[in-house]
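# Summary of the model geometry
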Amino acid sequence: MPKCKWTVDGQFSTASAYRAYFLGQEAILGAKCLSKTRAPGKCKFFAWLALHDKCWTAARRKRHHLQDDDFCALCGSESESIDHLLVGCSFTRQVWHQLLLRENAASLTPTTQDLALAAWWTRGRKLIHKKSRKPFDSTVVLVSWAIWLERNARTFNRQHRTVAQMVDHILKEAPAWVHARYKTIFSISQQQSAAPSNVGHELVPL
Ligand SMILES: [Zn+2]
């Protein structure tokens, strides 16, 4: 097996593949933001593919003549592009709404006007306190990854989670991310509830 030329020891790793993908690439909206985001390598790599529209969604498969229809696995009614799955889909917007509502930041929820992950993400992070931006970035990757896995579970295993089950699932995943030192917006609220003297919610839009 040929040695991987992107790591010192010649071994393949998700991180090395991720870095390799960045070489020679023009910066696109959201890429700089993603490069600084703290998240597990496989999730960041997925987000990189999403920003570059390289995920094998139903719309992409249809474009490549691999299937006849391109209905979204989550809502069943619109074309399943990656931007639709991650921000445009009514299912995804409900999940984000429920999550952000808990953080008193429901106004950051993607709206019907938000059609692209990069545009919504980069705009949204400017609307919150600077200290909350990195946790917000990690949360965008966490939620996007969870949505993608849900899409795959529906597409390949016929397993469905409801909006409430997705919210529950993501909130259960978040502590593992924090444990791995990937702070999410949910850890901010956990810290605040543990320290009631800490007035003011960091995620409240500016
Ligand atoms: Zn949809």
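The name an unreviewed UniProt entry gives the protein is Reverse transcriptase zinc-binding domain-containing protein, with Digitaria exilis as the organism.

Bringing the side chain of Thr109 into the picture now. Examined against the element boundaries, Thr109 turns out to sit in the loop between α6 (90-102) and α7 (117-126). Among the polar contacts made by the side chain of Thr109, one reaches the main-chain carbonyl oxygen of Ala106 at a distance of 2.6 Å. Excluding residues within four positions of it along the chain, Thr109 makes contact with Arg93, Trp96, His97, Leu100, Asp114 and Trp120.

Turning next to the nonpolar core. Ranked by size, the top nonpolar core spans 50 residues in total, and within it Val95, Trp121 and Ile170 carry the most contacts. Elements represented by at least two residues in this core include exactly α2 (31-35), α3 (41-51), α5 (82-88), α6, α7, α8 (130-157), α9 (163-179) and α10 (185-194). The greatest single-element share of this core, amounting to nine residues, is contributed by α8. When sequence neighbours within four positions are dropped, the list of residues in contact with Val95 reads Ile147, Val163, Met166, Val167 and Ile170.

Moving on, we come to the side chain of Arg133. Along the chain, Arg133 falls in helix α8. Put simply, Arg133 is tucked away with no salt bridge, and the nearest opposite charge, on Asp137, sits 7.8 Å away. A polar contact is formed between the side chain of Arg133 and the backbone oxygen of Lys126, at a distance of 3.5 Å.

We now examine the coordination of the zinc ion. Protein-derived ligands of the zinc ion are Cys72 (SG), Cys75 (SG), His84 (NE2) and Cys89 (SG), with the metal-ligand distances lying across 2.1 to 2.4 Å. Read from N- to C-terminus, the donor residues coordinating the zinc ion fall into the pattern C-x2-C-x8-H-x4-C. Classification of Cys75 as partly exposed rests on a relative accessible area of 24%.

Turning our attention to the packing of α6 against α8. When two helices pack together, you describe them by how their axes are tilted relative to each other and by the distance separating the axes. As a packed pair, α6 and α8 sit with axes 11 Å apart at the nearest point and diverge in direction by 140°. Taken together, the axes of α6 and α8 lie oblique to each other. When the axes of α6 and α8 are compared, the crossing they make is right-handed. The residues of α8 that touch α6, namely those facing Phe91, Thr92, Val95, Trp96 and Leu99, are Thr139, Val140, Val143, Ile147, Glu150 and Arg154. A breakdown of the residues in the contact of α6 with α8 according to their chemical character gives seven nonpolar, two polar and two charged.

Right, let's get into the packing of aromatic side chains. Counted according to the given criterion, the structure contains five aromatic pairs. One Lys or Arg, Arg154, reaches over the ring of Phe91 and ends 4.7 Å from the middle of that ring.

Charged atoms that come close allow side chains of opposite charge to pair. Per the stated rule, a full pass over the model turns up five salt bridges. For Glu80, the salt bridge is made with Arg151, and the minimal N-O distance between the two is 3.1 Å. A residue pair is termed long-range when its members are at least 10 positions apart, and Glu80 in the loop between α4 (58-63) and α5 and Arg151 in helix α8 qualify at 71 residues. Judged on exposure class, the residue Glu80 and its partner Arg151 are both buried.

Before going further, it helps to spend a moment on unusual backbone geometry. Of note, the phi angle at Asp53 is positive, near 55°, even though the residue is not glycine. Within the element layout of this structure, Asp53 appears in the loop between α3 and α4. Phi is positive for Arg181, close to 70°, though the residue is something other than glycine. Tracing the backbone through its elements, the reader meets Arg181 in the loop between α9 and α10.

Before going further, it helps to examine the environment of Ser187. Mapped onto the fold, Ser187 is located in helix α10. On the basis of relative accessible area, Ser187 is assigned to the buried category, the value being 4%. It is 7.8 Å that separates the C-alpha atoms of Ser187 and Ala174, two residues lying 13 residues apart in sequence.

What counts as what
- Residues numbered from 1 in each chain as written.
- Predicted model: local features only at pLDDT ≥ 70, side-chain atom pairs only at ≥ 80, totals over all residues.
- Heavy atoms only, no water.
- Helix = DSSP H or I, 4+ residues; strand = E, 2+ residues; numbered from the N terminus.
- Polar contact = N/O pair within 3.5 Å; in protein donor to acceptor, adjacent residues only side chain to side chain.
- Contact = heavy atoms within 4.5 Å.
- Core = buried A, V, L, I, M, F, W, Y, C linked by side-chain atoms within 4.5 Å.
- Buried < 20%, exposed > 50% of the residue type's maximum accessible area, 1.4 Å probe, protein only.
- Lys, Arg positive; Asp, Glu negative; His and termini not counted.
- Salt bridge = Lys/Arg side-chain N within 4 Å of Asp/Glu carboxyl O.
- Donors = N, O, S within 2.8 Å, 3.2 Å for Na, K, Ca; no water.
- Axes fitted to C-alpha atoms, helices over the stretch in contact; angles between N-to-C directions.
- Parallel < 35°, antiparallel > 145°, perpendicular 65-115°, else oblique.
- Left-handed = near helix turned anticlockwise from the far one by under 90°.
- Nonpolar A, V, L, I, M, F, W, Y, C, P; charged D, E, K, R; others polar.
- Phe/Tyr/Trp six-rings, centres within 6.5 Å; stacked < 30°, edge-to-face > 60°.
- Lys NZ or Arg CZ within 6 Å of the ring centre and 35° of its normal.

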